[in-house]
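Below are the chains, spelled out letter by letter.
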Amino acid sequence: MDPVLETIDLQMIYRVGKVDVPALRGTTLKVEPGEYVAIMGPSGCGKSTFLHIVGGMLKPTSGKVMIEGEDLTAMTDGERTDLRRRKIGFVFQRFNLFPTLTAEGNLKLAERIYAGKNNRDAAGRREVLRVLGLEDKMHHKPLELSGGEQQRVAIARAVINRPAIILADEPTGNLDTENSEIVLKMMRRLNKEFGQTIIMITHNAEAAARADRVIEMRDGHVIRTGLPAEVVRGRS
Amino acid sequence: MDSLIAANISQRPLRTAISIIGVALGVILVTLFVGLARGMLRDVAQRQANVDAEIRFWPGGNISLAGNPLMLPARYADAILHGVQPTTEDPDLEPKPPISGIAATSAVGEYVQGSVAGIGFELVDGIDYPAFIRTTHLTIVQGRGLADGRTPDTEYEAIVDRYYADSGKDIDGKHVSVGSRITVLGHTFTVVGIYEPSVLARVKIPLHTLQQLLGGVENCTFVMVKCERPELANQVLEDLRRYYPGNRVILTNEIPALYAQGLVPVEIFLNVVIGLGLVISVLVILLAMYTTIIERTREIGILKSLGASKRFIVMTIEKEAALISAMGVLLGFVVAVIGKFAIEANTRLLIDLQPRWLFIAAVIGILGGLIGAIYPAARAANLDPVEAISYD
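How each quantity is defined
Residues numbered from 1 in each chain as written. Chains lettered and ligands numbered in written order. Predicted model: local features only at pLDDT ≥ 70, side-chain atom pairs only at ≥ 80, totals over all residues. Heavy atoms only, no water. Helix = DSSP H or I, 4+ residues; strand = E, 2+ residues; numbered from the N terminus. Buried < 20%, exposed > 50% of the residue type's maximum accessible area, 1.4 Å probe, protein only. Lys, Arg positive; Asp, Glu negative; His and termini not counted. Salt bridge = Lys/Arg side-chain N within 4 Å of Asp/Glu carboxyl O. Contact = heavy atoms within 4.5 Å. Arc of directions from axis to C-beta. Axes fitted to C-alpha atoms, helices over the stretch in contact; angles between N-to-C directions. Parallel < 35°, antiparallel > 145°, perpendicular 65-115°, else oblique. Left-handed = near helix turned anticlockwise from the far one by under 90°. Nonpolar A, V, L, I, M, F, W, Y, C, P; charged D, E, K, R; others polar. Buried area = accessible area lost by both parts, 1.4 Å probe. Pairing = 2+ DSSP bridges. 1 Å grid on protein atoms, 1.4 Å probe; cavity = no way out; pocket = protein on both sides within 12 Å on 5 of 7 lines; lining within 4 Å. Points joined across faces, edges and corners; volume = space filled by probe spheres on them. Core = buried A, V, L, I, M, F, W, Y, C linked by side-chain atoms within 4.5 Å. Phe/Tyr/Trp six-rings, centres within 6.5 Å; stacked < 30°, edge-to-face > 60°. Lys NZ or Arg CZ within 6 Å of the ring centre and 35° of its normal. Polar contact = N/O pair within 3.5 Å; in protein donor to acceptor, adjacent residues only side chain to side chain.

Engineer: How do you make sense of the side chain of A:Arg152 when you look at a structure like this?
Structural biologist: Residues and elements named next belong to chain A. Relative to the assigned elements, Arg152 resides in helix α5 (residues 147-159). With no salt bridge to any partner, buried Arg152 finds its closest opposite charge in Glu149, at an N-O distance of 5.0 Å. If sequence neighbours within four positions are ignored, Arg152 has contacts with Leu132, Gly133, Leu134, Ile182, Val183 and Met186.

So, in structure tokens, the structure goes:
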């Protein structure tokens, strides 16, 4: 089976004033369909840059990103946006829901961006809401929800259009232990029940332990990849 | 709330209200000013149309709506009708025959005074009443006609048209009727009659009184010439031009065109008002939407992370601007209609709110809003998604 994501010698150099700051120094990796991958590493190791490039929000300095066989790096800005719309779902640490919209409004907005005014999959939406335990929260605005509930809505929004990959950037970073646990369980459930590919950045070893595979990054390189137990033990 | 646009608009009610009022101001400006100009023009044209006399005889030189009003000797009215012969006082006077085909002439003095209501201006006619009714179809419907104004008890008498009587107030603040006292040229006049239909100025006083108030010279502004039959008008016109060279002789039905020429500056002014309305709408929406974009930078980043195209973002902002503009247009229409009735009730100004101009005002309001939103929308669409989503 072809990988859902493949990066080849990915390099990213930021220009800060007159100084070049390398963020990625040749990152090569593959993610298979249905895989749940955690990326760990210290701050500034290039995790977020990697996520933004894979999500089509940044263009790398060099290298290649293939998503389901489509070369992201050869695309224009508009084409990358289109690919992001079709194949990527983002989940952020700060939830990033629209505060003026209800939970349902946030989901419908994502659907509208994905499919326009027509062709919405109401049954699919209900199924996602059921899995995430959000059926009775649809008419609440984000500020009327707990952090865990907000993050579940954000996950529902990311998954509602059935993207090829969910890119989660510290999804439990703003949550307490209890809510973190709920969110991680939900993500695992999505991965299992829908075969959803998930790439999650985390500092949290316990969160990383829920993944199928953990990739450790340092100074813009992938330095280790393996089962969670191996990588997390290796770090400590 | 499920609609992003509606949610955005309701999120900042004060700013939305200010934006709506801003657009409404532009719409009110256009509708009321254009309505006022059109209303007054239509009113003047209508009042000109009620003149029976086919020919208007003016002194030479430029015709001005606001120049010295009494420049033509009033005796021209007699001279045209009866001819001129040298007299012992003026033996050198060039003899002129009566112009054939003329049924009646009437000398009219016309003066522009500031409106008593304080807004705009109004015309006052000085007329020789018996001659005047022979050149128009003016009819007294209440009271009586004017005397010659040469005796103290008839000097400060006036007649007014039905509209003036219905809409005006006398100096005691009451509706105008026969016996009311009104202010004309700074003097108190007694209304002795109400006439129909409206012909020329709404207020008429004796020509002699007008002459006395404006300097005592026995002059008028123009002479109206009524032909025996309408088809004689061109022949009479030619004779008048031949025997009285140096004066302006015009067919009455050409006067609206003459007014139109004189109204070129008004048209320019209206275009400036329309431009101003557009600029107000553009600036109000530009500022409102620009502030919105800055405030919602992070939300735009979220839209981009969801895969929203530049077109989607531009359309979202433009739709929001269009909705605010549409509400501004509606508010503008409501205020303009209320303003029309308020102005017409308290002044003698007429405001003509034609559908065509309401449509133009609506287009200006909404177009202004859409244009004003272009820059903020383009700026939002071109935000860097990573920077936008990290914005605090």
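Engineer: Would you take a moment to explain helix α4 (residues 122-131) of chain A for this structure?
Structural biologist: In an α-helix there are 3.6 residues to a turn, and that puts residues three or four apart on one side. Residue and element names in this part refer to chain A. All of the buried residues along α4 are Gly124, Arg125, Val128, Leu129 and Val131. Take α4 and look down its axis: the buried residues cluster within an arc of 165 degrees, on one side only. Taken together, the buried residues of α4 touch α3 (103-115), α5 and α6 (177-194). Positioned one or two residues after α4, Gly133 has a phi angle of 65 degrees, which is positive.

Engineer: Explain the environment of A:Gly173 to me, please; I cannot follow it from the model alone.
Structural biologist: Residues and elements named next belong to chain A. Among the structural elements, Gly173 can be located in the loop between β7 (165-169) and α6. With a relative accessible area of 38%, Gly173 lands in the partly exposed category. Considering only alpha carbons, one finds Gly173 and Ile201, 28 residues apart in sequence, at a separation of 9.9 Å.

Engineer: Can you walk me through the packing of α3(A) against α5(A) in this structure?
Structural biologist: Each pair of packed helices can be summarised by the angle the axes make with each other and by the distance between the axes. Residues and elements named next belong to chain A. For the pair α3 and α5, interaxial distance at closest approach is 9 Å and the crossing angle is 20 degrees. Taken together, the axis directions place α3 and α5 in an arrangement best described as roughly parallel. Considering the relative orientation of α3 and α5, their crossing is right-handed. Together, Ala103, Asn106, Leu107 and Ala110 of α3 and Val153, Ala156 and Arg157 of α5 make up the contact between the two elements. When grouped by side-chain class, the residues that make up the contact of α3 with α5 number five nonpolar, one polar and one charged.

Engineer: What is the right way to read the interface of chain B and chain A from this model?
Structural biologist: Accessible area lost upon the coming together of the parts serves often as the stated size of an interface. With 24 residues of chain B at the interface, the matching set in chain A holds 26 residues. Here chain B packs against chain A, burying approximately 2,200 Å² in sum over the two surfaces, 62% of which is carbon and sulfur. At the junction of chain B and chain A, the tally comes to one salt bridge. Between A:Asp77 and B:Lys310 there is a salt bridge whose closest N-O contact spans 3.7 Å. Examining the composition of the side of chain B that touches chain A, we find that six residues originate from one element, helix α10 (residues 297-305) of chain B, more than from any other. Its residues assigned to classes, the side of chain B that touches chain A shows eleven nonpolar, six polar and seven charged.

Engineer: Please explain the sheet that holds strand β5 (residues 70-71) of chain A as it appears in this structure.
Structural biologist: Sheet strands pair by backbone hydrogen bonding; their relative direction is either parallel or antiparallel. All names here are of chain A. One open sheet holds the four strands; their spatial order is β2-β1-β4-β5, and the pairing between them is antiparallel. With partners counted over all chains shown, the strands left at the sheet margins are β2 (19-31) and β5, one partner each. Packed onto the sheet, helix α1 (residues 47-54) meets β1 (5-16), β2 and β4 (62-67) and runs at close to 115 degrees relative to β1.

Engineer: Got a minute to help me understand the layout of surface pockets in this structure?
Structural biologist: Over the atoms rolls a probe the size of a water molecule, and in doing so it shows where empty space is left. Residue and element names in this part refer to chain B. Size it by volume and the second largest pocket reaches roughly 380 Å³. Lining the second largest pocket we find 23 residues, and of these Ala74, Ala107, Asp128, Arg150 and Leu207 sit closest to its centre. For the lining of the second largest pocket, the secondary structure elements donating two or more residues are α3 (76-82), β3 (102-114), α4 (129-135) and α6 (207-213). Grouping the constituent residues of the lining of the second largest pocket by class yields eleven nonpolar, five polar and seven charged.

Engineer: I tried to follow the sheet that holds strand β10 (residues 221-226) of chain A on my own but got confused; where do I start?
Structural biologist: All names here are of chain A. The strand order across the open sheet built from six strands is β6-β7-β8-β3-β9-β10, with neighbouring strands paired in mixed fashion. Where the open sheet ends on each side, the last strands, each with one partner, are β6 (88-91) and β10. Strand-to-strand twist across the sheet, computed as the mean angle between neighbouring axes with direction ignored, equals 20 degrees. Relative to β7, β6 runs parallel, the two being bridged by four bridges. In the strand pairing of β7, Ile88 is matched with Ile165.

Engineer: Please explain the environment of B:Val30 as it appears in this structure.
Structural biologist: All names here are of chain B. When you line up the elements, Val30 lands in helix α2 (residues 13-49). A relative accessible area of 1% means that Val30 is categorised as buried. Residue contacts for Val30: discarding those within four places in its chain leaves Gly35, Val273, Ile274, Gly277, Ala361 and Ile364.

Engineer: Help me understand the nonpolar core, please; the structure alone is not making it clear to me.
Structural biologist: Here is a general trend for soluble globular proteins: nonpolar side chains tend to be buried in one another's company. With 102 residues, the main nonpolar core has A:Leu5, A:Ile67, A:Ile165, A:Met200 and B:Leu303 as its most contacted residues. In terms of residues, this core owes the most to one element, α5(A), which gives six residues. Beyond its immediate chain neighbours, meaning those up to four positions away, B:Leu303 contacts A:Phe98, A:Leu109, A:Ile113, B:Leu4, B:Ala308, B:Phe312 and B:Ile313. Core analysis: the second largest hydrophobic core is formed by 24 residues, B:Ile55, B:Leu72, B:Ala74 and B:Val236 among them.

Engineer: Could you clarify how one ought to interpret the packing of aromatic side chains in this entry?
Structural biologist: To describe a pair of aromatic rings, one takes the distance between the centres and the angle between the planes. Residue and element names in this part refer to chain B. Tallied over the full model, the rule gives eight aromatic pairs over all chains. Each ring, one from Phe33 and one from Phe269, has its centre 5.6 Å from the other, and the planes form 70 degrees; the classification is edge-to-face. Taken together, the residues span a long stretch of sequence, with Phe33 in helix α2 and Phe269 in helix α9 (residues 264-295) at a distance of 236 residues. Overall, the relative accessible area of 33% leaves Phe33 in the partly exposed class. On the basis of an interplanar angle of 55 degrees and a centroid distance of 5.7 Å, the ring pair of Tyr76 and Tyr244 is categorised as tilted. Taken together, the residues span a long stretch of sequence, with Tyr76 in helix α3 and Tyr244 in the loop between α7 (233-243) and β12 (248-251) at a distance of 168 residues. When its relative accessible area of 22% is taken as the criterion, Tyr76 is described as partly exposed. Grouped by ring-pair contacts, the aromatic residues Phe57, Tyr76 and Tyr244 constitute a single cluster. If you follow Arg56 out to its NZ or CZ, it ends over the ring of Phe222, 4.6 Å from the centre. Here Lys340 stacks its cationic end above the ring of Phe341, 5.8 Å away from the centre of that ring.

Engineer: Just checking my understanding: could you explain the side chain of A:Arg213 for this structure?
Structural biologist: Residue and element names in this part refer to chain A. Assignment of secondary structure puts Arg213 in strand β9 (residues 213-218). Within the structure, the side chain of Arg213 is placed 2.6 Å from the side chain of Glu35, a separation counted as a polar contact. A polar side-chain atom of Arg213 sits 3.2 Å from a polar atom in the side chain of Thr225. Ignoring any residue separated from it by four or fewer positions in sequence, one finds Arg213 in contact with Lys30, Val31, Glu35, Tyr36, Val37, Ala38, Thr225, Gly226 and Pro228.

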